[in-house]
Amino acid sequence: MEGPFTREMLPLAVPSGLAVRRTRTEDGFRDDPVAVRQLEVIRRLLREADGAVTATDTSREGQMVARNLYDYLGFKGKTERLWLSSLTDKAIRKAFLDLRPDSLYEGLYLAGRARREADRIIGYNASLALGMAAGKKNHSLGRVQTPVLALVSRRYLENRDFNAVPYYRLELSVLKDGKELVFTCPEKYTQQQEAVAARNRIAASRVATVIQAERKETVEEPPLLHDLASLQKEANLRMGLTAGQTASALQRLYEGGYISYPRTSCRYIRKDMPEDMPTLLSLLKDDPCFARHAETPEGRVLSARAADDGKVTGHHAIIITENIPGKLPLDEQNLYRMVAGRMLEAFSGDCTKEEADVRIECGGILFEAGYRRTVHAGWKNVHNGTGKEEDTMFPSWGQDEVLPVTDISVRSVETCPVPLFTEASLLSEMERCGLGTPSTRAGVIELLIARRYVERQGCGLLPTPKGLEVYEAVRNKLIADPEMTARWEKDLQEIERGELDADVFIQKVGKYARQIVEELSAVRFEHPGPPRHRCPKCGMETLTLHRKVARCGDPDCAFLLFRTFNARELTDGEMLCLLEGKKTDFLPFVSRKGKPYEASLKMDENYRIEMTFRDIPVERQPLPAGDPSVMQAADIPVETPHPGQLP
């Protein structure tokens, strides 16, 4: 089909009725036999029952799954809701004594259904519109995924095209109580000559005078408890876990009865819960990392900052339960400790600090410095490992005090680009923009990676050439506008609370879908063809990177290199590194026995892939109770995979 299409050519796709899950077979798509058997079992049980208890996940999606099941099977009996915050025996028994009418959660179901229909309407129509405009079938767009792709692509382009600008600052060293202290001039000089001239003007100065010394005490309240988003960000920073890996590990801890419901966006607990905290915290007294802080002597007053009934809507913050875990897999053990450690912090005392901002003058030029000292560590003691207060130099300053000058220097500095998104920073940005929910954001990131729009390189998230192509096509279009998606999330929350009619919301979605179809129908793509690279076998610029292989276009050469190596899919950058005869960085792999290891890859002269393991493998260890910024590694290969073979 040539030329743009119009919205009359593409009617809005409205979701159809419910159907059994289907699977692909040699004879085409058929109903999944496992799903059919499960449905028949449930149908038989419902026929024999007077009522049913909805015990699915306590979320929009969970409520919708249960309702869809009842509707599909035609069940008209009484339904009640089991609302759980943890899966301990005590919590389950308590919840069964407090079953609630399922009708109280009608808003949750309606919001889930509205979200699903909105995603399908927008995703189907936008993807089809862009695919027809581009002449390709593999351009997928979505209500949330496309604004997130825009965030990643925009940040990457800003970083790539950034030009560092040098500037210069004066630094002054003075003696104070026998120690050398450094002060910095707040003025930034754009020209080195200006900075040097300013230094030369005061080079003969031998003393500096204190003109201002402000001393004050500050208080840092304990941090709030963890929700899913804060745990995903911290686990990414400290352990290198993806958001999806964190969510999966937390779900396993929840199903084991060790933590409360993890897919929560709340960081508070109810006001009646702090009375249970001493008992829960005392369970940590045998943990060598937390024993000193888990003691609950008589009269201990716990911070009540995290207790607020008005902030708890649905599920409270993530906390440990009365079930003490035994031996856990490493990631689960570290995440459990993060939850436990944050509880100890949240219910500890304030951290008190003393601060001093000092300004001195030398030869008519102002210099300044700041000093900080911890007076009482409070909640920060949980992770400092020693229990001792911080002991740093904190000099006493006097007005008009004269200090001997030991050095005046010019320091060269460069402006820095905005860093590429890591998974932690992208989650923060998605949260700030209102894109997705805590339980769906990890899935959005994984979807972009699965569709080869985004790839992980080290700790960073970068758009692929395909992702950049889509971004360039939609960058100024409604489909990429995060504000629109954020407003929709707000609408869905109002549907949950019964403040907005779901049908009104879907009408807005339909209107929006027509607008994006009109916009995308006018998009023009240029298809210059895939870039060519030098073939390592024939030496010609005839090699192309495809989705699954790198292939030489010369039929007489027919060089071929598969992307997948030892169950890991290599990125474009890693493939090019091999093709150029270079070593890759150390890449993470998992052995056949499920053990993680890291290895560097290189292609030898016979086009076989060689692996080089780290010289000194370090066994992955539990996170310490000390510095929370420490990142652990997992680098032991249990078995040596065979070198990759070229066909």
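Everything quoted here is computed from the prediction, not taken from an experiment.

Here 11 bridges tie strand β9 (residues 351-362) to strand β10 (residues 365-376), and the two strands are oriented antiparallel to one another. Within β10, the residue paired with Val 358 across the bridge is Ala 369. Hairpin remark: β9 followed by β10, antiparallel, with two residues in the connecting loop; positive phi at Gly 363, about 60°.

With that out of the way, let us pick up unusual backbone geometry. Phi at Arg 452 takes a positive value of approximately 60°, unusual for a residue other than glycine. With respect to the helices and strands, the residue Arg 452 is situated in the loop between α13 (441-450) and β12 (454-457). Positive phi outside glycine occurs at Ala 567, with the angle close to 70°. Within the element layout of this structure, Ala 567 appears in the loop between β17 (564-565) and β18 (568-569). Residue classification places Ala 567 among the exposed positions, given a relative accessible area of 77%.

Let's shift gears to helix α17 (residues 572-579). Extensive coverage of α17 is indicated by the burial of six of its eight residues. Taken as a whole, α17 has its buried residues at Asp 572, Glu 574, Met 575, Cys 577, Leu 578 and Leu 579. Following α17 by one or two positions, Gly 581 adopts a phi angle in the positive range, close to 80°.

As for its position among the elements, Ser 127 is in helix α4 (residues 106-134). Classification of Ser 127 as buried rests on a relative accessible area of 16%. Within the structure, Ser 127 has its side chain in polar contact with the backbone nitrogen of Leu 141 (distance 2.8 Å). Every residue in contact with Ser 127, bar those within four places of it in the chain, is listed here: Ile 122, His 139, Ser 140 and Leu 141.

Overall, the prediction assigns the chain a mean pLDDT of 84, with 88% of residues at 70 or greater. Under a pLDDT of 50 for its full length, residues 386-391 has, in the predicted model, 12 contacts with residues more than four places off or in other chains.

On to helix α16 (residues 502-521), then. Helical geometry: 3.6 residues make up each α-helical turn, so side chains three or four residues apart lie on a common side. In this model α16 runs 29 Å from its N-terminal to its C-terminal C-alpha over 20 residues, within 8% of the 28 Å that 1.5 Å per residue would give. Those residues of α16 that are buried lie in contact with α4, α14 (465-474) and α15 (482-496). Structurally, the start of α16 carries an N-cap: the backbone nitrogen of Asp 503 is 2.7 Å from a side-chain oxygen of Asp 501.

Now for the sheet that holds strand β20 (residues 596-603). Taken together, three strands build an open sheet; the order of strands is β19-β20-β21 and the sheet is antiparallel. Whereas interior strands pair on both sides, the edge strands pair on one side only; in this sheet they are β19 (587-590) and β21 (609-613). Sheet twist, expressed as the mean angle between neighbouring strand axes with direction ignored, is 50°. In this structure, β19 lies alongside β20, joined through four bridges in antiparallel fashion. Counterpart to Leu 587 in the pairing with β20 is Ala 599. Set on the sheet, α17 makes contact with β19, β20 and β21; between it and β20 the angle comes to about 45°.

This part is about the sheet that holds strand β4 (residues 78-81). The strand order across the open sheet built from three strands is β3-β4-β5, with neighbouring strands paired in mixed fashion. The open sheet has two edge strands with one neighbour each: β3 (51-54) and β5 (100-101). For β4 and β5, the ladder comprises two bridges, and the chain directions are antiparallel. Bridge pairing links Arg 81 to Arg 100 in β5.

Time to look at the packing of helix α7 (residues 228-239) against helix α11 (residues 330-346). Interaxial distance between α7 and α11 falls to 11 Å at its minimum, and their mutual angle equals 120°. Taken together, the axes of α7 and α11 are oblique relative to one another. In this structure, α7 crosses over α11, and the sense of that crossing is right-handed. Within the contact between the two elements, α7 uses Leu 231, Glu 234, Ala 235, Arg 238 and Met 239 and α11 uses Asp 331, Asn 334, Leu 335, Met 338, Val 339 and Arg 342. Partitioned by chemical class, the residues of the contact of α7 with α11 number six nonpolar, one polar and four charged.

Moving on, we come to the nonpolar core. The biggest cluster of nonpolar side chains holds 54 residues, and the ones touching the most others in it are Leu 426 and Phe 505. For this core, the secondary-structure elements that each account for two or more residues are α4, α5 (145-160), α12 (423-433), α13, β13 (460-463), α14, α15 and α16. With nine residues, α16 is the largest single contributor of residues to this core. Apart from residues no more than four positions distant in its own chain, Phe 505 is found in contact with Ala 114, Ala 118, Trp 488, Asp 491, Leu 492, Ile 495 and Leu 500.

What counts and how
Residues numbered from 1 in each chain as written. Predicted model: local features only at pLDDT ≥ 70, side-chain atom pairs only at ≥ 80, totals over all residues. Heavy atoms only, no water. Pairing = 2+ DSSP bridges. Helix = DSSP H or I, 4+ residues; strand = E, 2+ residues; numbered from the N terminus. Buried < 20%, exposed > 50% of the residue type's maximum accessible area, 1.4 Å probe, protein only. Polar contact = N/O pair within 3.5 Å; in protein donor to acceptor, adjacent residues only side chain to side chain. Contact = heavy atoms within 4.5 Å. pLDDT = per-residue confidence, 0-100. Expected span 1.5 Å × (residues − 1). Axes fitted to C-alpha atoms, helices over the stretch in contact; angles between N-to-C directions. Parallel < 35°, antiparallel > 145°, perpendicular 65-115°, else oblique. Left-handed = near helix turned anticlockwise from the far one by under 90°. Nonpolar A, V, L, I, M, F, W, Y, C, P; charged D, E, K, R; others polar. Core = buried A, V, L, I, M, F, W, Y, C linked by side-chain atoms within 4.5 Å.

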